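Remarks on the overall topology
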Amino acid sequence: MEVTYLAAINQALHEEMRRDENVFVMGEDVAELGGAFKVTDGLLAAFGADRVIDTPIAEALIVGAGVGAAILGMRPVVEMQFGDFISCAFDQIVNTAATLRYRHGGRASCPIVIRAPSGAGVHGALFHSQNPEAWFTRVPGLKVVAPATAYDAKGLLKSAIRDGNPVVYFEHKRLYRSIRENLPDGDFTVPIGVAEVRQAGRDLSIITYGGTLHQCLDAARIVAKEDGLAVEVLDLRTLLPLDREAILATARKTGKVLVVHEDRLTGGIGGEVAAIIAEHAFESLDGPVRRVAALDTHNGFSPPLEEFILPNANKIVDAIRGLAAY
Amino acid sequence: MAHAQTAAASSETGARVEYELQLYYWMKLIRAFEERVSRLHRQNKILGGVYSGAGQEAVVTGVCAPLRPGDFVAPLHRDLGVFLVRGVEPGRLMAQLMGKETGLSRGKDSFLHGGDLEHVIFGSTSMLGSSLPVAAGAALKFQIKKEAQVAVAFFGEGASSRGDVHEAMNFAGVRKLPVVFVCENNRYAYSTPLEKQMAIENVADRAAAYGFKGHVVSGNDLLAVVQLAERVIRRVREGGGPELIECKTYRYRGHSEHDAALYRDQEELLEWQSRDPIPQYELYLEKKGHDLKRIRAEIDERTRAILQQAVEFAEQSPAPAPEEALEDLYAPGPMNPASNGRS
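Residues numbered from 1 in each chain as written. Chains lettered and ligands numbered in written order. Predicted model: local features only at pLDDT ≥ 70, side-chain atom pairs only at ≥ 80, totals over all residues.

**Some details on the overall build of chain B**
On a plain count of helices and strands, chain B comes out with 12 helices and seven strands. Scaling as 2.2 N^0.38, a compact globule of 343 residues should have a C-alpha radius of gyration of about 20 Å, and chain B matches this with 21 Å. With the C-alpha coordinates aligned to their principal axes, the bounding extent of chain B is approximately 75 × 50 × 45 Å. Every one of the 343 residues in chain B was classed for burial, and the buried ones make up 49%. For chain B, long-range pairs separated by at least 24 residues make up 74% of all intrachain contacts whose partners lie at least 6 apart in sequence. (Helix = DSSP H or I, 4+ residues; strand = E, 2+ residues; numbered from the N terminus. Rg over C-alpha atoms; globule rule 2.2 N^0.38 Å. Buried ≥ 20, exposed ≤ 12 C-beta atoms within 10 Å, placed from the backbone. Contact = placed C-beta atoms within 7 Å.)

**Examining the overall build of chain A**
The helix and strand tally for chain A stands at 11 helices and 14 strands. Relative to the globule expectation of 20 Å for 326 residues, the C-alpha radius of gyration of chain A, 19 Å, shows essentially globular dimensions. Along the first, second and third principal axes, the C-alpha set of chain A runs to 60 × 45 × 40 Å. In chain A, which comprises 326 residues, the proportion classed as buried is 58%.

**Considerations on the interface of chain A and chain B**
How big an interface is tends to be stated in terms of accessible area lost as the parts join. Taken together, the contact between chain A and chain B spans 45 residues of the former and 42 residues of the latter. Among the secondary structure elements, those contributing two or more residues to the side of chain A that touches chain B are helix H3 (59-71), helix H4 (90-97), helix H5 (100-103) and helix H8 (244-254) of chain A. Here the residues of the side of chain A that touches chain B sort into 19 nonpolar, 17 polar and nine charged. (Nonpolar A, V, L, I, M, F, W, Y, C, P; charged D, E, K, R; others polar.)

**Comments concerning the sheet that holds strand E3 (residues 52-54) of chain A**
Residues and elements named next belong to chain A. Across the sheet, which stays open at both edges, the seven strands sit in the order E3-E2-E4-E5-E7-E6-E12 with mixed pairing between neighbours. Both outer strands of the open sheet, E3 and strand E12 (238-240), are each paired with one neighbouring strand and no more. Looking at each pair of strands side by side, their axes are set apart by 20 degrees on average, direction ignored. Looking at chain direction, strand E6 (residues 143-145) and strand E7 (residues 167-172) are connected through three bridges and run parallel. When the sheet's bridge partners are listed, Val145 is paired in E7 with Tyr169. (Pairing = 2+ DSSP bridges. Axes fitted to C-alpha atoms, helices over the stretch in contact; angles between N-to-C directions.)

**Concerning the nonpolar core**
Counting 197 residues, the largest nonpolar core has Ala135, Ala136, Val152, Ala153 and Val179 of chain B as its most contacted members. Mapping this core onto the domain boundaries places at least three of its residues in each of domain 1 (2-182) and domain 2 (196-324) of chain A. If near-sequence neighbours (up to four positions away) are discounted, Val152 of chain B is found in contact with Val63, Leu67, Asp71, Phe72, Val73, Ala135, Val180 and Val182 of chain B. (Core = buried A, V, L, I, M, F, W, Y, C linked by C-beta atoms within 7 Å. Domains from an automatic or database assignment.)

**Observations regarding the domain arrangement of chain A**
All names here are of chain A. Domain boundaries assigned for chain A yield domain 1 (2-182) and domain 2 (196-324). One C-alpha centre belongs to domain 1, the other to domain 2, and the line joining them spans 26 Å. Of all the secondary-structure elements, those providing two or more residues to the side of domain 1 that touches domain 2 are E6, helix H6 (150-162) and E7. Here the element with the most residues in the side of domain 1 that touches domain 2 is E6; it accounts for three residues. Of the residues assigned to the side of domain 1 that touches domain 2, the class counts are 15 nonpolar, seven polar and four charged.

**Regarding the environment of Met80 of chain A**
Residue and element names in this part refer to chain A. When you line up the elements, Met80 lands in the loop between strand E4 (75-79) and H4. The spatial distance from the C-alpha of Met80 to the C-alpha of Ser118 is 9.5 Å, given a sequence separation of 38 residues. Beyond its immediate stretch of four places on either side in the chain, Met80 contacts Glu59, Phe85, Ile86, Ala89, Ile114, Arg115 and Ala116.

**Observations concerning the packing of H3 of chain A against helix H7 (residues 163-175) of chain B**
Two elements in contact, H3 of chain A and H7 of chain B, have axes whose closest approach is 9 Å; the angle formed by their N-to-C orientations is 70 degrees. Considered as vectors, H3 of chain A and H7 of chain B are oriented roughly perpendicular to each other. Contacts from Ala60, Leu61, Gly64 and Ala65 of chain A in H3 of chain A reach Gly163, Asp164, Glu167, Ala168 and Phe171 of chain B in H7 of chain B. Partitioned by chemical class, the residues of the contact of H3 of chain A with H7 of chain B number five nonpolar, two polar and two charged. (Parallel < 35°, antiparallel > 145°, perpendicular 65-115°, else oblique.)

**Observations concerning helix H1 (residues 5-19) of chain A**
Residue and element names in this part refer to chain A. With 15 residues, H1 should reach 21 Å at 1.5 Å per residue; the first-to-last C-alpha distance of 21 Å fits that figure. When H1 is considered as a whole, its buried residues turn out to be Tyr5, Leu6, Ala7, Ala8, Ile9, Asn10, Ala12, Leu13, Glu16 and Met17. Packed against the buried residues of H1 are strand E1 (2-4), strand E2 (23-27), helix H2 (43-47), E4, H6 and E7. (Expected span 1.5 Å × (residues − 1).)

**Structural notes on the pairing of strand E2 (residues 151-156) of chain B**
Residues and elements named next belong to chain B. Among the six residues in E2, six count as buried, and that is most of the element. Covered by surrounding structure in E2 are Ala151, Ala153 and Phe155 together with Val152, Phe154 and Gly156, the residues of both alternating faces. Direction of pairing for strand E1 (residues 72-74) relative to E2: parallel, over a ladder of three bridges. Bridged to Val73 within E2 is Val152. Bridge count between E2 and strand E3 (residues 179-185): six bridges; the pairing is parallel. Bridge pairing in E3 places Ala151 opposite Val179. Read from E2 through H7 to E3, the crossover connection turns out right-handed. (Right-handed = clockwise from strand over helix to strand, strands pointing away.)

**Quick look at the sheet that holds E2 of chain B**
Residues and elements named next belong to chain B. On the basis of which strands lie adjacent, the open sheet formed by five strands has the order E1-E2-E3-E7-E6 and parallel pairing. Of all strands in the sheet, those bounded by a partner on one side alone are E1 and strand E6 (213-218). The sheet shows a mean angle of 20 degrees between the axes of neighbouring strands, direction not considered.

**Remarks on H8 of chain A**
Residue and element names in this part refer to chain A. Of the positions making up H8, those classed as buried are Ala246, Ile247, Thr250, Ala251 and Thr254. Relative to the axis of H8, the buried residues are bounded by an arc of 130 degrees and lie together on one face. Taken together, the buried residues of H8 touch strand E10 (204-208), strand E11 (231-235), strand E13 (257-264) and helix H9 (269-280). Trailing H8 by a residue or two, Gly255 shows a phi angle of about 80 degrees, which is positive. (Arc of directions from axis to C-beta.)

**Quick notes on the confidence of the model for chain B**
All names here are of chain B. When the pLDDT values of chain B are averaged, the result is 92; 94% of them are 70 or greater. Throughout residues 1-9 the model reports pLDDT below 50, and contacts reaching past four residues in sequence, or to other chains, amount to 18 contacts. For the stretch residues 335-343, pLDDT sits under 50, and the model shows 22 contacts to residues farther than four places along the chain or on other chains. Interface confidence in the predicted complex, given as ipTM, is 0.96; pTM for the same model is 0.95. (pLDDT = per-residue confidence, 0-100.)

Structural data, given as structure tokens:
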């Protein structure tokens with residue numbers, strides 16, 4: 001059956017809660033309402049109010065309480081209603097959760113999943129459009145994932161729930177109902193830390209993740225048709241830890257790398273990817289590592305502003321052509 | 001009732017008498033441990049921040065004594081006594097303070113941030129008050145799993161200004177969680193006095209705003225603390241919802257050992273030292289007919305031996321190897337990010 005990205009997340013939650021009675025869900029409006037986006041729809045009816053918990057508006061509490069339950073053996077999946085609000089829980093994530101195992105000398109673990117609906121292109125303006133992943137990708141002790149397909153959304157969430165560490169799970173709001181695919185019956189997972197080649201090619205590599213994967217695939221189709229370029233598209237899927245082998249493999253294969261993300265340019269994950277390539281695959285490069293990312297500004301509301309700020313297929317096509325010319 | 005036989009022969013059980021003597025022992029051990037730590041810091045044998053809880057021993061002793069195994073405790077940075085009362089090996093605690101491999105955090109963090117989940121003690125971070133949401137989460141687990149356990153979160157009146165504290169208390173009130181919030185009000189947030197921190201008299205008064213009871217007790221009166229804590233913990237364990245205990249107390253030393261606390265009036269310090277929890281409790285034991293002189297001599301001897309052993313153990317323990325800086329970041333699983341590649 002064809003399933004949307006949103007339904008895939010919902011399925012993963014249902015299946016994991018059925019599989020393990022220690023899994024529970026907590027957040028703002030997740031129970032009665034089924035979540036602001038309906039991601040947690042049906043969980044309350046299926047699992048009851050002890051395991052599907054509406055909280056006050058209190059992000060630090062939501063994460064902190066999740067940590068308290070997690071260290072005693074529970075498997076909380078907590079929701080930030082919008083990824084933008086994760087800043088209110090920043091200390092609990094980067095200090096309480098991420099250092100927990102370290103400061104307990106390896107004798108504690110913190111298996112919490114923090115779901116964060118993120119991303120722009122939905123007229124969300126400054127505080128409902130952010131892509132805050134790079135605040136977390138430099139924090140040891142965390143894992144960070146950002147699925148771009150329904151299959152990965154389901155498989156990565158299952159892996160995150162089963163992982164023994166805090167995992168920040170960024171789900172892209174624009175993908176919720178805009179993409180769908182047939183998912184296999186039965187249990188499957190997608191390993192954390194493993195990137196996936198979405199399309200093989202020999203001329204140039206695009207490295208991306210999350211919301212921009214589909215724009216990159218569109219751009220690759222355009223340049224294949226109009227320029228005869230065979231573009232390889234690597235979907236990182238996990239942002240911490242980065243799959244360095246996959247990054248270096250595609251860089252060495254094509255010699256030209258474009259990194260694309262919807263997060264802002266400066267301090268984004270693209271800088272780290274470019275540095276990895278420059279350090280370890282320099283001799284394979286036939287051109288500079290280029291980046292396409294959101295402009296270094298806030299996510300303006302009015303459509304002309306947002307279009308100007310965000311990456312899209314046309315901007316990616318231009319960047320591909322510029323890089324291919326080397 | 002003022003002679004030796006009375007206590008044991010009274011309607012009180014022998015167990016209660018033993019318990020009351022045990023409380024005394026713990027307070028004395030904590031004080032001796034604190035004083036030794038301050039000395040070791042002066043000798044450069046303990047580096048970094050050292051936050052003495054001297055003067056506040058009755059709070060941790062009185063609150064932790066009625067707890068059961070499996071109850072969750074989140075101490076604050078001054079609560080060395082929590083570890084001792086909950087049964088953590090003194091040598092491991094000393095090794096923790098010295099940054100040794102045998103310490104709670106294996107050298108990863110300083111002083112009291114290394115928790116010990118074997119004893120269900122959570123290692124709090126330096127972001128004071130951030131452990132209250134965690135304690136609420138531990139209590140939530142007990143509630144979900146219908147376990148007759150309680151969570152205890154210690155915090156200072158300084159931390160009470162932080163939003164985490166409000167978020168945790170509000171949620172605990174809404175869900176009637178089995179958590180006891182214990183405020184150690186020692187009147188100073190580092191150098192900032194009470195009147196610059198809050199516009200009301202008692203932190204405990206805030207409990208009403210969250211729909212549960214708040215109690216004020218002298219944190220230097222062990223008997224008062226323990227009697228209140230026993231009642232509160234029993235009610236909370238039985239499902240009565242959270243409660244807040246505010247203990248009015250005072251720290252003798254600065255915020256940390258490098259702080260001479262010149263912002264405080266010397267007279268104020270003397271006043272509080274005259275209300276020291278240990279002699280107060282000794283008076284009680286004497287009134288109950290115990291041979292205090294003998295008991296004190298025995299306990300002093302015992303704590304001296306324990307501390308000597310603890311210091312020797314810690315000093316002889318190895319420091320961690322440099323490369324261990326990269327260990328203990330991730331729980332083992334299908335994929336270890338430290339390996340930076342496919343599993």
